[in-house]
Amino acid sequence: MRGRARRDPAVRVHRRVETHPAVRPGSVLRHAPWTIGPDPAPDRDPPAMYAACKDCTEQGPVGTDRAACDMWALVHAGRTGHRQYRECVSVDLYARPANETAGTS
Ligand SMILES: [Zn+2]
């Protein structure tokens, strides 16, 4: 046979994919505890919330005012008679190694 051997089309070649370039066979991974809590940044976004009716799929507008969130639910209750609601709140979080001093990033 001359030159390169022809590849059998029935044989599929699977490309090896590294999921992370720094991790190779034999790598030592360090296990370290981390903590997570409210983002300490002074310019973080305020908590955003909305009320959602559990008796139907209607949701109130997203905002930062809890009274407005409650008012939407009360108006919805008065209009529909629906009584079950869920308050959904989104808060920015910040994760750091447990031994890192708070306030640094
Ligand atoms: Zn409803």
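Computed from a prediction, not measured in an experiment: that's the story for all the values here. (Residues numbered from 1 in each chain as written. Predicted model: local features only at pLDDT ≥ 70, side-chain atom pairs only at ≥ 80, totals over all residues.)

**Q** Honestly, the overall build of the chain in this entry has me stumped. Any pointers?
**A** Scanning the chain for helices and strands turns up 1 helix and 4 strands. Walking the chain from its N terminus toward its C terminus, one meets helices and strands in the order β-β-α-β-β. Burial status across the chain gives 7% buried among its 105 residues. A sequence separation of at least 24 residues applies to 60% of the contacts in the chain between residues at least 6 apart. (Helix = DSSP H or I, 4+ residues; strand = E, 2+ residues; numbered from the N terminus. Buried ≥ 20, exposed ≤ 12 C-beta atoms within 10 Å, placed from the backbone. Contact = placed C-beta atoms within 7 Å.)

**Q** Just to check I follow, could you spell out the confidence of the model for the chain for this structure?
**A** In low-pLDDT regions, the fine details of the predicted coordinates are not to be read closely. With 73% of its residues at a pLDDT of 70 or more, the chain has an overall mean of 83. Model confidence for the chain, summarised as mean pLDDT per element, is weakest for strand β1 (residues 34–38) at 90 and strongest for strand β2 (residues 48–53) at 98. (pLDDT = per-residue confidence, 0-100.)

**Q** I would appreciate a short explanation of the environment of Ala52 in the present structure.
**A** Along the chain, the position of Ala52 falls in strand β2. A count of 17 C-beta atoms within 10 Å places Ala52 in the partly exposed class. In this structure the C-alpha to C-alpha distance between Ala52 and Trp72, which are 20 residues apart in sequence, comes to 9.3 Å. The residues touching Ala52, leaving out its near neighbours within four places in the chain, are Gln59, Tyr85, Arg86 and Cys88.

**Q** Explain the nonpolar core here, please?
**A** Soluble, globular proteins show a tendency: their nonpolar side chains are buried together. Judged by nonpolar contacts, Ala51, Cys69, Trp72, Ala73 and Tyr85 together constitute the single largest core of 5 residues. Considering every element that reaches this core, the biggest residue donor is helix α1 (residues 66–80), with 3 residues. Sequence-distant contacts of Tyr85, that is, excluding residues within four places in its chain, are made with Ala51, Ala52, Cys53, Lys54 and Ala73. (Core = buried A, V, L, I, M, F, W, Y, C linked by C-beta atoms within 7 Å.)

**Q** I'm lost on the pairing of strand β4 (residues 93–97) in this one. Help?
**A** Within a regular strand, the side chains alternate between the two sheet faces. With respect to burial, β4 is a largely exposed element, only 0 of its 5 residues being buried. Sheet topology note: the β1/β4 ladder contains 5 bridges and is antiparallel. Paired with Trp34 across the two strands is Pro97, which belongs to β4. (Pairing = 2+ DSSP bridges.)

**Q** For this particular structure, what's the right way to read the environment of Asp65?
**A** Structurally, Asp65 is set in the loop between β2 and α1. Residue classification places Asp65 among the exposed positions, given that 10 C-beta atoms sit within 10 Å. Between the C-alpha atoms of Asp65 and Ala48, which are 17 residues apart in sequence, the distance is 8.0 Å.

**Q** Help me understand α1 in this model?
**A** Residues that lie three or four places apart on an α-helix share one face, since the helix turns once every 3.6 residues. In this model, α1 (15 residues) spans 21 Å end to end at C-alpha, consistent with the 21 Å of a helix rising 1.5 Å per residue. Where α1 is concerned, the buried positions are Cys69, Trp72, Ala73 and His76. Angularly, the buried residues of α1 cover 95° about the axis, an arc narrow enough to put them on a single face. Facing away from the buried side of α1 by more than 90 degrees, the exposed set consists of Ala67, Leu74, Val75 and Gly78. In this fold, the buried residues of α1 make contact with β2 and β3 (85–90). Taken from the residues just after α1, Gly81 is the one with a positive phi, measuring 85°. (Expected span 1.5 Å × (residues − 1). Arc of directions from axis to C-beta.)

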